[in-house]
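Coordinate analysis (summary)
The primary structure of each chain is shown beneath.
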Amino acid sequence: MPRSVHSAAPSYAPAWLAVPDDANDLVASVWPASAHRDEEGQIVIGGVALGELARIHGTPLLVIDEAEVCTRAARLRDAFRVAAHAHGTTARIYYAGKALLNTAIVRWVLDEGLNIDVCTGGELEVALAGGADAGSIGFHGNNKSAAELERAVDAGVGTIIVDSEIEIERLAAITARVGRTQRVLLRVNSGVHAETHDFLATAHEDQKFGFPLVDAAAAVARIRAVPGLEFAGLHCHIGSQIFGVAGFRESAARVLDLHEQLLEGGDVPQLNLGGGFGIAYTRVDDPTPIEELAEGIIAAVAEGCAARGIPVPALSFEPGRAIVGNAGVTVYEVGTIKDVALEAGIRRYVSVDGGMSDNARTALYGAAYSARLASRTGADEPVLARVVGKHCESGDIVVDHEYLPGDVTPGDLLAVPATGAYCAPLSSNYNHVPRPPLVAVADGAARVIVRGETIADLLARDAGFER
Ligand code: LLP
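Residues numbered from 1 in each chain as written. Predicted model: local features only at pLDDT ≥ 70, side-chain atom pairs only at ≥ 80, totals over all residues. Heavy atoms only, no water.

1. Structural notes on the overall build of the protein
What the protein contains, in helices and strands, is 12 helices and 21 strands. Taken over the C-alpha trace, the protein has a radius of gyration of 24 Å; the compact-globule value for 467 residues is 23 Å, and the two agree within 12%. Projecting the C-alpha coordinates of the protein onto the three principal axes gives extents of approximately 75 × 60 × 45 Å. Evaluated residue by residue, the protein yields a buried proportion of 55% over its 467 residues. Residue pairs in contact within the protein that sit at least 24 positions apart in sequence constitute 71% of those at least 6 positions apart. When the accessible area of the protein is evaluated, it comes to approximately 18600 Å², of which 51% is carbon and sulfur surface. Each charge class in the protein can be summarised by its mean position, and for the 38 positive and 60 negative side chains these summaries are 4 Å apart. (Helix = DSSP H or I, 4+ residues; strand = E, 2+ residues; numbered from the N terminus. Rg over C-alpha atoms; globule rule 2.2 N^0.38 Å. Buried < 20%, exposed > 50% of the residue type's maximum accessible area, 1.4 Å probe, protein only. Contact = heavy atoms within 4.5 Å. Areas by Shrake-Rupley, 256 points an atom, 1.4 Å probe, with all protein chains shown as cover. Lys, Arg positive; Asp, Glu negative; His and termini not counted. Charge placed at Lys NZ, Arg CZ, Asp CG, Glu CD.)

2. With respect to the pairing of strand β14 (residues 328-342)
The sheet contact formed by strand β4 (residues 61-65) and β14 spans 4 bridges and is antiparallel. Bridge pairing in β14 places Ile64 opposite Gly328. Two strands pair when backbone bridges link them, and β14 and strand β19 (residues 413-417) are joined in this way by 5 bridges, in the antiparallel orientation. For Glu333, the partnering residue across the bridge sits in β19 and is Leu413. Judged from the 8 bridges that link them, β14 and strand β15 (residues 345-352) form a sheet pairing that is antiparallel. Within β15, the residue paired with Leu342 across the bridge is Gly345. (Pairing = 2+ DSSP bridges.)

3. Some thoughts on the environment of Asp163
Secondary-structure assignment places Asp163 in the loop between β8 (159-162) and α6 (165-178). Exposure remark for Asp163: the relative accessible area of 4% places this residue in the buried category. Distance from Asp163 to Val188, taken between C-alpha atoms, is 7.9 Å for residues 25 residues apart in sequence. Leave out the neighbours within four places in its chain, and Asp163 touches Gly141, Asn142, Lys144, Arg187, Lys208, Phe209, Gly210 and Phe211. One polar contact links the side chain of Asp163 to the main-chain amide nitrogen of Gly210, over a distance of 2.9 Å. (Polar contact = N/O pair within 3.5 Å; in protein donor to acceptor, adjacent residues only side chain to side chain.)

Below you can see the structure in the form of structure tokens.
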């Protein structure tokens, strides 16, 4: 068992990551509010010790703190309501289901008075199965099929966010056939580059989503000419994991120019400014408090409307990550440990029993995460470690850089916080590793909300397998 001890940062340590005073600490901005260690040193979430959950459900395991989801949903709802009210308008929150979707989450956010945003026929079915009123659903997507659109219109989906000219024609045909009127928003890309990883910025001009601002007026004219379509306004989403207000303000200013122009041809009652509010993944992330963000964005819209002499539209927003991200904690078991000699020193590889199949974000986006021993506290000095998975790929990294107690050992449980958003939805069966269960914890009780996959599940689709 390697036992080397380094109390100073090795030269290959990233500049942003300081050696912690205590490599067992739980940073409040990253973990659910309920997270603490019990007298044995185990991490407890929602009143349940992670060791207990691992014993019952195995590892890897995605633990979701129900109260954290509900508190964050309510805080977002109130922050935007208060700011909207202060500026003479209203604000609706749609939970962006792509961040994490199952019927339990749908019920939780509905109970907090949120609407649901879906972007495929599959997400639409889960939202409906969870009890969402179709009228409160917003339906996105750059390539909704005719069948998906027909299902949405039939089900009575409240708003379809139109993304292409072809979609307008598909909707014209469907609404004419079924004799219904469908409310739509038009998605535009404002050209604002949010300060974020390039793959996450969806308002660049050279990208697949929405209409460039210059083409939008013609598309709206076409929508207004279709008897079965009711044009309600514009939609713009500038990206994800955004920390400041500046990008939203700039984008709103550009979109309002178009909004004002469209008022000449009829009503434009709504404006949806998307989601993208950032969260803390590590101790150095410092997202703007949501109340400040809400006030900053809505004030910008209100000022823009006042300057143009137009009414402030009813606003909506679509956060996903900010609601579920910090509510999720993935629990792994440590399997092997290797100290690899580099020219600059020794790098400790800590292998866990999951990896890029349950969290693709590190491999996909170079996302930073943190990790802590979960089954106990460690006693030795912090050692810079790289937490890796069990997949046959060297890019299979869960946490690229983290200081862990030097006595981390096989059989220890490791917890990675802030995995509630875009981990389960991006999960795969790579290397035929079954996907982990999702377990909700609340008030000292735990329940499975999505069961884990079994090898039988993996073989079930294999047509050559003889049962
Ligand atoms: N609205 C629209 C139109 C979106 O495309 C998205 C995210 C959201 C709302 C919600 O964004 P949020 O509030 O969750 O940031 N897989 C990436 C993120 C992709 C985001 C896609 N769209 C990741 O893991 O970081």
